[in-house]
Amino acid sequence: MLTLRGATYRYPGALRNALVDVSLAVRPGELHALLGPNGSGKTTLLRLALGVLAPTAGAVEVDGRAAADWDRRALARAAAVVPQREESAFPQRVRDAVMLGRYPHLSRFGAPGAADRAIVERALAQCDAAALADRWLTTLSGGEYQRVRLARALAQEPRLLVLDEPTASLDVRHEMELFERVRSLVDAQRLAAVLITHHVNLASRFADQVLLLGEGRVAASGAPAQVLTRDTVERVFAWPVAIQTFDGRPQMIPLRSQPSTESH
Amino acid sequence: MKWLLLVLLTGLALLSAVLLGPTHVPLAELARSPIVRDLRLPRGLLAFLVGGSLAVAGASLQALVRNPLADPFLLGLSGGAGLGAVAAIALHLPGPWALPLAAFVGALAAMALVYRMGLVGGAALDPRVLLLSGVVVGAFTAAITTAIVSLSEAAQLRNAFLWLWGGMSDASWVTVRVLCLYLPLPLLVLFAAARPLDLLALGEEPAQYLGADVEPLKRRVYLAASLLTAAAVAVSGVIGFVGLIVPHFARRLWGHHHRTLFPASFLGGGVLLTVADTLARTALAPRELPVGIVTALLGVPLFAILLRRWTHV
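Starting from 1, residues in each chain are numbered consecutively following that chain's sequence as written. Key to labels: chains lettered from A, ligands numbered from 1, both in the order written. Since the coordinates come from a predicted model, pLDDT governs what is reported: local features require at least 70, and pairs of side-chain atoms require 80 or more to be given and counted, while whole-chain, interface and lining totals use all residues.

### Some thoughts on the overall build of chain A
For step 1, the next point in the chain: Of regular secondary structure, chain A possesses nine helices and twelve strands.
For step 2, the next point in the chain: With the radius of gyration taken over C-alpha atoms, the globule rule is written as 2.2 Å times the number of residues to the power 0.38. Relative to the globule expectation of 18 Å for 264 residues, the C-alpha radius of gyration of chain A, 20 Å, shows essentially globular dimensions.
For step 3, the next point in the chain: Its C-alpha atoms put chain A at 70 × 40 × 35 Å along the principal axes.
For step 4, the next point in the chain: Using C-beta atoms placed from the backbone, we call a residue buried if 20 or more other C-beta atoms fall within 10 Å of its own, exposed if 12 or fewer do, and partly exposed for counts in between. For chain A, with 264 residues in total, the buried portion stands at 41%. Numbering of helices and strands starts at the N terminus; helices are DSSP runs of H or I of at least 4 residues and strands are runs of E of at least 2.

### Examining the pairing of strand 4 (residues 57–62) of chain A
Within a regular strand, the side chains alternate between the two sheet faces.
Residue and element names in this part refer to chain A.
For step 1, the next point in the chain: What makes two strands pair is DSSP finding at least two bridges between them. Pairing geometry for strand 1 (residues 2–9) and strand 4, over five bridges, is antiparallel. Bridged to threonine 8 within strand 4 is alanine 57.
For step 2, the next point in the chain: Inspection of the sheet shows strand 4 paired to strand 5 (residues 65–66) by two bridges, in the antiparallel sense. Directly across from glutamate 61, in strand 5, lies its bridge partner alanine 66.
For step 3, the next point in the chain: Hairpin connection from strand 4 to strand 5: two residues lie between these consecutive antiparallel strands, with aspartate 63 at a positive phi of about 55°.

### Topic: helix 5 (residues 127–151) of chain B
A turn of α-helix holds 3.6 residues, and therefore any two residues three or four places apart point the same way.
All names here are of chain B.
For step 1, the next point in the chain: Expected span of a helix: the number of residues minus one, times 1.5 Å. Between the first and last C-alpha of helix 5 there are 36 Å, a value that for 25 residues agrees with the 36 Å anticipated at 1.5 Å per step.
For step 2, the next point in the chain: Buried within helix 5 we find Pro127, Leu130, Leu131, Ser133, Gly134, Val137, Gly138, Thr141 and Thr145.
For step 3, the next point in the chain: Here, residue contact means that the backbone-derived C-beta atoms of the two residues sit within 7 Å. In this fold, the buried residues of helix 5 make contact with helix 2 (34–64), helix 3 (77–90), helix 4 (98–118) and helix 11 (214–236).

### Topic: the interface of chain B and chain A
For step 1, the next point in the chain: Counting residues at the interface gives 20 residues for chain B, matched by 19 residues for chain A.
For step 2, the next point in the chain: For the side of chain B that touches chain A, the elements supplying multiple residues, two or more each, are helix 9 (194–200) and helix 10 (204–209) of chain B.

### Regarding the pairing of strand 7 (residues 160–164) of chain A
Residues and elements named next belong to chain A.
For step 1, the next point in the chain: Counting buried residues in strand 7 gives five out of five residues, a clear majority hidden from the surface.
For step 2, the next point in the chain: The alternating pattern of strand 7 places Leu160, Val162 and Asp164 and Leu161 and Leu163 on opposite faces, both of which are buried.
For step 3, the next point in the chain: Sheet topology places strand 6 (residues 79–82) next to strand 7; four bridges connect them, and they run parallel. Its bridge partner lying in strand 7, valine 81 is registered against valine 162.
For step 4, the next point in the chain: As defined by bridge partners, strand 7 adjoins strand 8 (residues 192–196) across five bridges and the pair is classed as parallel. Following the sheet pairing, leucine 163 is matched in strand 8 by leucine 195.
For step 5, the next point in the chain: When the strands point away from the viewer and the path from the first strand over the helix to the second turns clockwise, the crossover is right-handed. The parallel pair strand 7 and strand 8, bridged by helix 6 (residues 172–189), forms a crossover whose chirality is right-handed.

### Quick look at the sheet that holds strand 7 of chain A
All names here are of chain A.
For step 1, the next point in the chain: Reading across the sheet, the six strands line up as 6-7-8-3-9-10 and stay open at both edges, with mixed pairing between neighbours. This sheet does not close on itself; its edge strands, each paired only once, are strand 6 and strand 10 (217–222). Averaged over all pairs of adjacent strands, the angle between their axes in this sheet comes to 15°, without regard to strand direction.
For step 2, the next point in the chain: Pairing geometry for strand 3 (residues 31–35) and strand 8, over four bridges, is parallel. Directly across from leucine 31, in strand 8, lies its bridge partner alanine 193.
For step 3, the next point in the chain: Seen against the sheet, helix 5 (residues 142–155) touches strand 6 and strand 7 and runs at an angle of roughly 170° to strand 6. Between the N-to-C directions of two axes lies an angle of 0 to 180 degrees, each axis being a line fitted to C-alpha atoms and, for a helix, fitted only over the stretch in contact.

### Some remarks on the packing of helix 4 (residues 114–126) of chain A against helix 5 of chain A
Residues and elements named next belong to chain A.
For step 1, the next point in the chain: With their axes 8 Å apart at the nearest point, helix 4 and helix 5 run at an angle of 140° to one another. It follows from the interaxial angle that helix 4 and helix 5 lie oblique. Crossing handedness for the pair helix 4 and helix 5: right-handed. Of the residues in helix 5, those touching helix 4 at Ile119, Val120, Ala123, Leu124 and Gln126 are Ala151, Leu154 and Ala155.
For step 2, the next point in the chain: Split by residue class, the contact of helix 4 with helix 5 holds seven nonpolar, one polar and no charged. For classification purposes, angles smaller than 35 degrees are called roughly parallel, those larger than 145 roughly antiparallel, those between 65 and 115 roughly perpendicular, and all remaining angles oblique. In this scheme the handedness of a crossing depends on how the near helix is turned from the far one: anticlockwise by less than a right angle means left-handed, clockwise means right-handed. Charged means Asp, Glu, Lys or Arg here, nonpolar means Ala, Val, Leu, Ile, Met, Phe, Trp, Tyr, Cys or Pro, and polar covers whatever is left, Gly included.

### Let's talk about the confidence of the model for chain B
For step 1, the next point in the chain: Taken as a whole, chain B shows an average pLDDT of 87; of its residues, 98% reach a score of 70 or greater.
For step 2, the next point in the chain: pLDDT measures how confident the predictor is about each residue, on a scale from 0 to 100. Here helix 6 (residues 154–164) of chain B stands out as the least confident element of chain B, with mean pLDDT 76; helix 8 (residues 184–192) of chain B is the most confident, with 95.

### Points about helix 12 (residues 242–254) of chain B
Residue and element names in this part refer to chain B.
For step 1, the next point in the chain: With 13 residues, helix 12 extends 17 Å from end C-alpha to end C-alpha; this agrees with the ideal 18 Å at 1.5 Å per step.
For step 2, the next point in the chain: Among the residues making up helix 12, those that are buried are Val242, Gly243, Leu244, Ile245, Val246, Pro247, His248, Ala250 and Trp254.
For step 3, the next point in the chain: Directly beyond the C-terminal end of helix 12, a positive phi value near 85° is found at glycine 255.

### Topic: unusual backbone geometry
Residues and elements named next belong to chain A.
For step 1, the next point in the chain: Here the phi dihedral of aspartate 128 falls at roughly 60°; this positive angle occurs in a residue that is not glycine.
For step 2, the next point in the chain: Among the secondary structure elements, aspartate 128 is positioned in the loop between helix 4 and helix 5.
For step 3, the next point in the chain: For glutamate 157, which is not glycine, the phi torsion reads 50° and is therefore positive.
For step 4, the next point in the chain: By secondary structure assignment, the location of glutamate 157 is in the loop between helix 5 and strand 7.
For step 5, the next point in the chain: Classification of glutamate 157 as partly exposed rests on a count of 17 C-beta atoms within 10 Å.

### Observations regarding the nonpolar core
For step 1, the next point in the chain: By convention the nonpolar core is taken to be a set of buried residues drawn from Ala, Val, Leu, Ile, Met, Phe, Trp, Tyr and Cys and joined through C-beta atoms within 7 Å. Among the nonpolar cores identified, the biggest contains 177 residues, and A:Ala49, A:Val98, A:Ala151, A:Val162, A:Leu195, B:Ala107 and B:Ala230 are the most heavily contacted of them.
For step 2, the next point in the chain: Looking at this core element by element, the count peaks at 15 residues for helix 2 of chain B.
For step 3, the next point in the chain: A:Val98 has contacts with A:Val120, A:Ala123, A:Leu124, A:Val148, A:Ala151, A:Arg152 and A:Ala155, leaving out every residue within four places of it along the chain.

### Details of the sheet that holds strand 1 of chain A
For step 1, the next point in the chain: Pairing in this open sheet of four strands is antiparallel, and the strands run 2-1-4-5 (chain A) from one edge to the other. This sheet does not close on itself; its edge strands, each paired only once, are strand 2 (19–26) and strand 5 of chain A.

Below is the structure:
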């Protein structure tokens, strides 16, 4: 569904590459977690995958076709993004906001039909957001807003779902709910999914594959147990950690920095 | 219901534009009266077309710069048009079309300059830079305009000053016909962009992920809205507030979907300017006020009320 082969990108005028030689293959029914410190190239990878940027070297393909060559509307029918943050310039109700996910399916002058409305209601229900449908976006809490954005992405009826730090600023319960929901969508609808996150432990527990980026390069990739070793994690995040196994998956515990021997 | 009311208001506004005036025309002679046929009817229609165009231009620019307080004249077009018009007056350019053409050329020149400055950071059009460029170009052209005005004779000065405040007194069937030929293209371009503009409200990157081709969209919308504004300013001078107030009310009543917002704004803008022009020529008859003064006198209090409600929500 999504393939990167040696993808490299340098922003215009930048001194160094934002992404170097990254390869990745996401197939239907697979949830891939994308981990890495701030500035490691995660969002750049998302932009390449969605064709907003074209790689300066290597290839990025969706369904075997260069992502940057896709017609934007056609790509929006195949791949949906839950963006990290966005702010509507004008007030909007939840149902209307989710209907925006149907736009790539509508003809230029055609109005949304009964089928589109049914898909919107189904997407709202799938994200446990049906009760929010008539609320204004501005009145939603962080967790509710995130469910609405996921519903909008589902209304696009995509085969590839990309989530950019969807649980930033959510509490434990909402975080877990979102990861559970994404996992079950991937399993039930055989979606291909890429999840960008800072939650190493949740990524380890929910993802089939983990891609760990450091300074724009692949530090490690593969199953969570292969990638999340103490050496690798300490090297990439530049912090001492312990790794323990829980439910058969590695879990990371960041260590307190050792008190300096000179202090009393 | 809302639409019915709007259509009704449209009819009423046009009817009052035809009925009211310093010269009384009995209802029975309405169809035959040369005053109605040659003066009031084309003038009412012109006001309607100009008001509608300004309102749609305002609504689309608000979506483009993602700010509900944008106005069609914020992008420096009025300054360019004013400079063109004042130059035409100062140079005594002959013929009935010299003034509107000079204003149109001035507006287009300002549009091109602002657009070029908006591209300054590369190939992507940045709405924030666009806004700033509009303000800067507006200030620059206003300075030159004032310089010309201050060096010209008193009679010219008065003409130029009055023109800058807008007026429909040059209305004729020819201007109405020219607008009827000219307006459909930019209006259609904007209407075709209605749904992508809904997406743009979320920001450029989310809009792209939902299928909007953002760069061509911004260019098309900027050019079409500017062409509407340039035509409006060429035939009737600078008429403020219609492009700000009308989309604002339309957004409250119809919501932010541009497919309904554009037609509602067009009709609403038409109604407002037709009524304002009728007031302008009847309130102090036989003297006539520049219509921009009427829209400002109506628009500023309305805007103050809106701002108050806005900050209290």
